[in-house]
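Structure at a glance
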Amino acid sequence: MTAARKSNLIKGATGDWEVVVGMEVHAQVSSDAKLFSGASTEFGGAPNDHVSLVDAAMPGMLPVINAECVRQAVRTGLGLQAQINLKSVFDRKNYFYPDLPQGYQISQYKQPVVGEGAVVVDLANGESVTVGIERLHLEQDAGKLLHDQHPTYSYVDLNRSGVALMEIVSKPDIRSSEQAKAYLAKLRSILRYLGTCDGDMEKGSLRADVNVSVRRPGGPLGTRCEIKNVNSIRFVGQAIEHEARRQIEIIEDGGAIEQETRLFDPDKGETRSMRSKEEAHDYRYFPDPDLLPLELTQAEVDALKAELPELPDEKKARFTAAGLSGYDADVLIAERATADFFEAVAKGRDAKGAANWVINDLLGRLNKEGIAIEQSRLSAEQLGAILDLIKDGSISGKIAKDLFEIVWIEGGDPRAIVEARGMKQVTDTGALEKLIDGIVAQNPDKVADAKANPKAIGWFVGQVMKASAGKANPQAVNELLRAKLGL
Ligand code: MN
């Protein structure tokens, strides 16, 4: 373990503190059917529309494992560089809750399907940290209670009951709220690349339980509190910031942290107690007698490994090898659709130029419109054509920006638009010389400036560009001006 980084430490009244964070992330498996029944997992159905007799825990019903959910868990394990356990066991986790009709959750306890792995997290400041994965196990989701439908009754919707979840448990390797947010973002990105979870936090497809404790830098671990079901990356950061401060204040006031489960209130930006350790459940885990141990062969695992898509880390390595900065690569790989778009534009073209246009112009424009890249009004082919027009000298970078706007709004073939609207830049030296001669003749003072300070040539370039309505080739203008002014 690396020494505590000074920049991560939190200043208390009595000195510095280090926050230690581990996360348990519940990720809904992308699959048409539930973990142990054929009922649909579709989001947004009418209450209790997607409930089989198994999900409703009718007496005598038996669970049957959904092989696709198992494959998804294995794919995820492989994407997390983790140990795949060829034999794993489903256990019953016993507790009563009105939205859990079985009276127990089928989960995995001592023998999960996926063991230890690692996620490399690149931070905004250029540093990277490796967060260990402790395990990944498969389990059922519970239903949902509706308390606002009737004045005196609560209703239950079992549509989610039995939906497959992957619980991904990290090691307590996270040392700041920034790292925690970056870890969750990276994990979500990996899941999306793999296609094993849609990562939609608003729909509850991804929820984080965040374990937070504080200690003196390098000292023994403190008592932790668990913040349950945080449903946005931003809230994870806020919850950790608040919780660390709360714990530091208690300890510095001479108190002790009680191990407990807490909830984050996004409106107040604070955590509050939900249940203490005294109320902690004894889940009386035991192997589910309705299910055989889950056995995989190495050949099955190898076949899934062979089909894995390229993941964010590999993509980043390839992009930086092509000349992109780490920052640009991070922006482009965050979403697979963005990376795909960039690759289509960059194919056979200058990678750096393509990256600049995708990041600054396209993503900027999408952001302004509040739409995703899948809804872009400019295709990769059209953007590629604009880049080609710049490269072959047909248009200047400035005109290219105008062309981008025109194509965005009106569509069409960029090359045809340039021809039809006379947007081609002027490289005809004769025509440019005429413009330059005029401007030089009218501005003897500026000529003197430029002779004294060659940087002042920029003023002339600007004038020529203006006089040509942006169509003059800046390189040709520069060369001609240098010759005329004797620089
Ligand atoms: Mn769980």
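Residues numbered from 1 in each chain as written. Predicted model: local features only at pLDDT ≥ 70, side-chain atom pairs only at ≥ 80, totals over all residues. Heavy atoms only, no water.

Focus: the packing of aromatic side chains
Test applied: Only Phe, Tyr and Trp rings take part, Trp by its six-membered ring, and two of them pair if their centres are within 6.5 Å. Stacked means planes under 30 degrees apart, edge-to-face means over 60, and tilted covers everything else. Each helix is a run of H or I in the DSSP string that is no shorter than four residues. Each strand is a run of E no shorter than two, and both are numbered from the N terminus. Throughout, exposure labels follow a simple rule: accessible area from a 1.4 Å probe, protein chains only, divided by the maximum for the residue type, with under 20% read as buried, over 50% as exposed, and the rest as partly exposed. Put simply, a charge is over a ring when the Lys NZ or the Arg CZ is close to the ring centre, within 6 Å, and near the line of the ring normal, within 35 degrees.
One pass over the structure, following the stated rule, counts nine aromatic pairs. Note on Phe-235 and Phe-264: the rings are 5.7 Å apart at their centroids and 50° apart in plane angle, and the pair reads as tilted. With Phe-235 in helix α3 (residues 233-252) and Phe-264 in strand β13 (residues 260-265), this pair connects stretches of sequence that are 29 residues apart. Given the relative accessible area of 16%, Phe-235 is considered buried. By relative accessible area, which is 11% here, Phe-264 ends up buried. Aromatic rings pair up to connect Tyr-95, Tyr-109, Tyr-283 and Tyr-285 into one cluster. Stacked on the ring of Trp-17, the Lys or Arg Arg-216 has its end atom at 3.9 Å from the ring centre. Over the face of the ring belonging to Trp-357 we find Lys-401, whose NZ or CZ atom lies 4.6 Å from the ring centre.

So, the side chain of Gln-28
The condition that has to hold: A 3.5 Å cut-off defines polar contacts: any pair of N or O atoms within that distance qualifies, except that in protein one atom must be a possible hydrogen donor and the other a possible acceptor, and neighbouring residues in sequence count only when both atoms are side-chain atoms. Contacts were defined at the residue level, with two residues in contact if any of their heavy atoms lie within 4.5 Å.
Counting through the fold element by element, Gln-28 comes out in strand β2 (residues 15-28). Given a relative accessible area of 13%, Gln-28 falls into the buried group. Looking at Gln-28, its side chain comes within polar contact range of the side chain of Arg-160, at 2.9 Å. Sequence-distant contacts of Gln-28, defined by excluding residues within four places in its chain, comprise Thr-41, Arg-160, Val-163, Ala-164, Leu-165, Thr-196, Cys-197 and Ser-205.

Let's talk about the pairing of β13
To keep things clear, this is the line we draw: A pair of strands is considered paired only if DSSP assigns at least 2 bridges between the two. Whether a crossover is right-handed comes down to one check: with the strands pointing away from the viewer, does the path from the first strand over the helix to the second run clockwise; if it does, it is right-handed.
Here β13 lies mainly inside the structure; five of its six residues are buried. Bridge count for strand β12 (residues 225-230) against β13 is three bridges, and the pairing is parallel. Bridging from a neighbouring strand, Glu-226 pairs with Thr-261 of β13. Handedness of the crossover is the feature at issue here: the chain leaves β12, passes through α3, returns alongside β13, and the resulting connection is left-handed.

Description of the domain arrangement of the protein chain
Our working definition: In this entry, domain limits derive from an automatic or database-based domain assignment.
Each domain of the protein chain was delimited in the assignment, giving domain 1 (3-303), domain 2 (307-420) and domain 3 (429-485). Using only C-alpha atoms to locate each centre, domain 2 and domain 3 end up separated by 32 Å.

What about the side chain of Gln-108?
Position of Gln-108 relative to the elements: it lies in the loop between β5 (104-107) and β6 (117-122). On the basis of relative accessible area, Gln-108 is assigned to the buried category, the value being 1%. Here Leu-138 takes part through its backbone nitrogen, which lies 3.2 Å from a polar atom of the side chain of Gln-108. Residue contacts for Gln-108: discarding those within four places in its chain leaves Ser-88, Val-89, Phe-90, Asp-91, Val-113, Arg-135, His-137 and Leu-138.

Looking at the nonpolar core
Operational definition: Here, nonpolar core refers to any group of buried Ala, Val, Leu, Ile, Met, Phe, Trp, Tyr and Cys residues whose side-chain atoms link them within 4.5 Å.
If you look at the biggest cluster of nonpolar residues, it comprises 103 residues, and the most contacted ones within it are Ile-168, Tyr-183, Val-210 and Phe-342. A per-element tally of this core places helix α2 (residues 177-194) first, with nine residues. Of the domains in this structure, domain 1 (3-303) and domain 2 (307-420) are the two that each give at least three residues to this core. If near-sequence neighbours (up to four positions away) are discounted, Tyr-183 is found in contact with Met-23, Val-119, Val-121, Val-131, Ile-133, Ile-168, Ser-170 and Ile-174. Of all hydrophobic cores here, the second largest spans 16 residues; its members include Ile-436, Val-447, Ala-472 and Ala-476.

So, helix α12 (residues 429-442)
Note the threshold: A helix is expected to span 1.5 Å multiplied by its residue count minus one.
Taking 1.5 Å as the rise per residue, α12 with 14 residues should run 20 Å; its terminal C-alpha atoms sit 20 Å apart, in good agreement. In this fold, the buried residues of α12 make contact with α14 (457-467) and α15 (474-485).

Let's talk about the packing of helix α13 (residues 444-452) against α14
The following threshold applies: Angles run from 0 to 180 degrees between N-to-C directions of axes, and those axes are lines fitted to C-alpha atoms, restricted for helices to the stretch in contact. Orientation is classified from the angle alone, with under 35 degrees giving roughly parallel, over 145 giving roughly antiparallel, 65 to 115 giving roughly perpendicular, and any other angle giving oblique. Each residue receives one of three labels: charged for Asp, Glu, Lys and Arg, nonpolar for Ala, Val, Leu, Ile, Met, Phe, Trp, Tyr, Cys and Pro, and polar for the others, Gly being one of them.
Relative to each other, α13 and α14 sit at 135°, their axes nearing to 8 Å. Classified by the interaxial angle, the pair formed by α13 and α14 is oblique. Residues Lys-446, Val-447 and Ala-450 of α13 pack against Ile-457, Trp-459 and Phe-460 of α14. The residue makeup of the contact of α13 with α14, split by class, is five nonpolar, no polar and one charged.

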